[in-house]
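# Per-entry structural report
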Amino acid sequence: MTRRSHGLGLAAGAAVLGLTFASAETSGAFAQENEPGQIEAANTAGGSNSASTPVFISQEVVQPTVAADEAVDAGDAQPSKTGSLRQLVATTETELALSEQMQCLAGAVYFEARGEPLAGQLAVAQVVINRAENSRFPSSYCGVVYQRAQFSFVSGGEMPRIKTGTEAWQRAKAIARIAHEGLWESEAGDSLYFHAKYVRPSWSNKKVARATISRHVFYR
């Protein structure tokens with residue numbers, strides 16, 4: 001996939017990739033195409049930091065999931081293709097200083113899918129990237145993540161703190177870099193939306209399903 005430039009500045013001392021990430025601690029998000037009369041309700045749901053009772057919006061949304069920081073990586077139970085992705089994640093440099101845009105991308109992975117298999121985490125990153133490359137959405141990763149009423153882990157225009165010492169955060173950073181550089185093809189393909197399998201929002205009937213990965217269904 002040819003990537004558009006999202007204004008990703010290289011960090012000092014990093015020759016090729018600079019990825020910087022913020023800190024946060026809750027899980028779950030919304031992503032929808034706003035319609036008149038819907039945005040305020042969606043924004044109210046989007047501002048909630050509660051991970052215990054997800055609020056579902058009957059529009060195009062990215063459905064919230066609850067994932068523990070210390071959740072066991074389900075990648076071990078995946079087919080051999082995911083095993084190769086796991087190896088790529090394990091060998092991807094994550095200690096470089098990263099840009100603000102990559103921080104936003106990794107933050108979305110962390111909050112939306114840190115308890116999911118690596119293929120599911122990569123799919124979430126792919127959705128953010130696809131939106132940034134689609135004229136209907138903001139043209140940067142941060143623009144996509146912070147778009148009003150889209151991701152519920154964003155509250156007051158900020159992400160919560162991330163437990164940066166966890167393996168979950170290291171994986172999220174690696175996945176963000178892999179997705180941004182196109183180092184591994186995601187099963188989500190050109191998806192722009194996703195939701196949890198335990199709900200069936202009305203908008204899903206208007207979209208084309210691209211993949212079902214663990215607890216999420218991805219749509220174009």
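The structure this text deals with has already been given above.
Think of each chain on its own: its residues are numbered from 1, step by step along the sequence as written. In keeping with the predicted nature of the model, local features appear solely for residues at pLDDT of at least 70, side-chain atom pairs appear and are counted solely at 80 or more, and the whole-chain, interface and lining totals rest on all residues. Calculated side-chain values reflect all of the structure's heavy atoms, with hydrogen atoms and water omitted.

As a packed pair, helix α3 (residues 100–113) and helix α6 (residues 167–181) sit with axes 8 Å apart at the nearest point and diverge in direction by 120°. The pairing of α3 with α6 is recorded here as oblique in orientation. Crossing angle aside, the handedness with which α3 passes α6 is right-handed. Between α3, through M102, L105, A106, G107, V109 and Y110, and α6, the contact on the second element is made entirely by A168, W169, A172, K173, I175, A176, R177 and H180. Considering only residue class, the contact of α3 with α6 consists of 10 nonpolar, 2 polar and 2 charged. Structural elements are reduced to axes, namely lines fitted to C-alpha atoms, with helices fitted over the stretch in contact, and the angle between N-to-C directions of any two is expressed from 0 to 180 degrees. Secondary structure is summarised from DSSP: a helix means a run of H or I of at least four residues, a strand means a run of E of at least two, and numbering begins at the N terminus for each. Oblique is the label for any angle not covered by the other classes, which are roughly parallel (under 35 degrees), roughly antiparallel (over 145) and roughly perpendicular (65 to 115). When the near helix sits turned anticlockwise from the far one by under a right angle, the crossing is termed left-handed; a clockwise turn instead gives a right-handed crossing. Should any heavy atoms of two residues lie within 4.5 Å, those residues are counted as being in contact. In this count, Pro and Cys sit with the nonpolar residues alongside Ala, Val, Leu, Ile, Met, Phe, Trp and Tyr, while Asp, Glu, Lys and Arg are called charged and the others, Gly among them, polar.

Once that is clear, we can look at the environment of L88. Positionally, L88 belongs in helix α2 (residues 80–91). Taking C-alpha positions, L88 is 8.7 Å from L183, a pair spaced 95 residues apart along the chain. With residues up to four places along the chain from it excluded, the contact list for L88 reads I178, L183 and W184.

What follows covers the pattern of salt bridges. Note on definitions: salt bridges are taken to be side-chain nitrogens of Lys or Arg within 4 Å of carboxyl oxygens of Asp or Glu. Going through the model one piece at a time under the given rule, you end up with 4 salt bridges. Note that R171 is salt-bridged to E167, the shortest N-O span being 3.7 Å. Separated by 4 residues within a single helix, R171 and E167 lie in helix α6, roughly one turn from each other. To sort residues, take the accessible area from a 1.4 Å probe on protein chains only and compare it with the maximum for the residue type: under 20% means buried, over 50% means exposed, and anything in between is partly exposed. For R171, a relative accessible area of 11% corresponds to the buried category.

Quick look at the sheet that holds strand β1 (residues 193–196) now. Spatial ordering of the open sheet is given by β1-β3-β2, a layout of 3 strands whose pairing is antiparallel. In this open sheet, the two edge strands, each paired with only one partner strand, are β1 and β2 (209–213). The sheet shows a mean angle of 20° between the axes of neighbouring strands, taken without regard to direction. Strands are treated as partners if at least two bridges between them are detected by DSSP. Relative to strand β3 (residues 216–219), β1 is paired through 4 bridges, and the arrangement is antiparallel. Of the residues in β3, the one forming a bridge with Y193 is Y219.

Here, two cysteine sulfur atoms that lie within 2.5 Å of each other are counted as a disulfide. Applying the stated criterion to the full structure yields 1 disulfide. Between the sulfur of C104 and that of C142 lies a disulfide, 2.0 Å long from S to S. Its S-S torsion of about 90° marks the bond between C104 and C142 as right-handed, since a negative value means left-handed. With C104 in helix α3 and C142 in helix α5 (residues 141–145), this residue pair connects regions lying 38 residues apart in the sequence. The exposure class assigned to C104 is buried, which follows from its relative accessible area of 1%.

Another aspect to go through is α6. In a helix, the anticipated span is given by 1.5 Å times the number of residues less one. Between its first and last C-alpha atoms α6 spans 21 Å; for 15 residues at 1.5 Å apiece the expected length is 21 Å, and the two agree. Among the 15 residues of α6, 12 are classified as buried, and the element is accordingly described as predominantly covered. Here α6 has its buried residues at A168, W169, R171, A172, K173, A174, I175, A176, R177, I178, A179 and H180. Among the residues trailing α6, G182 stands out with phi positive, at a value near 65°.

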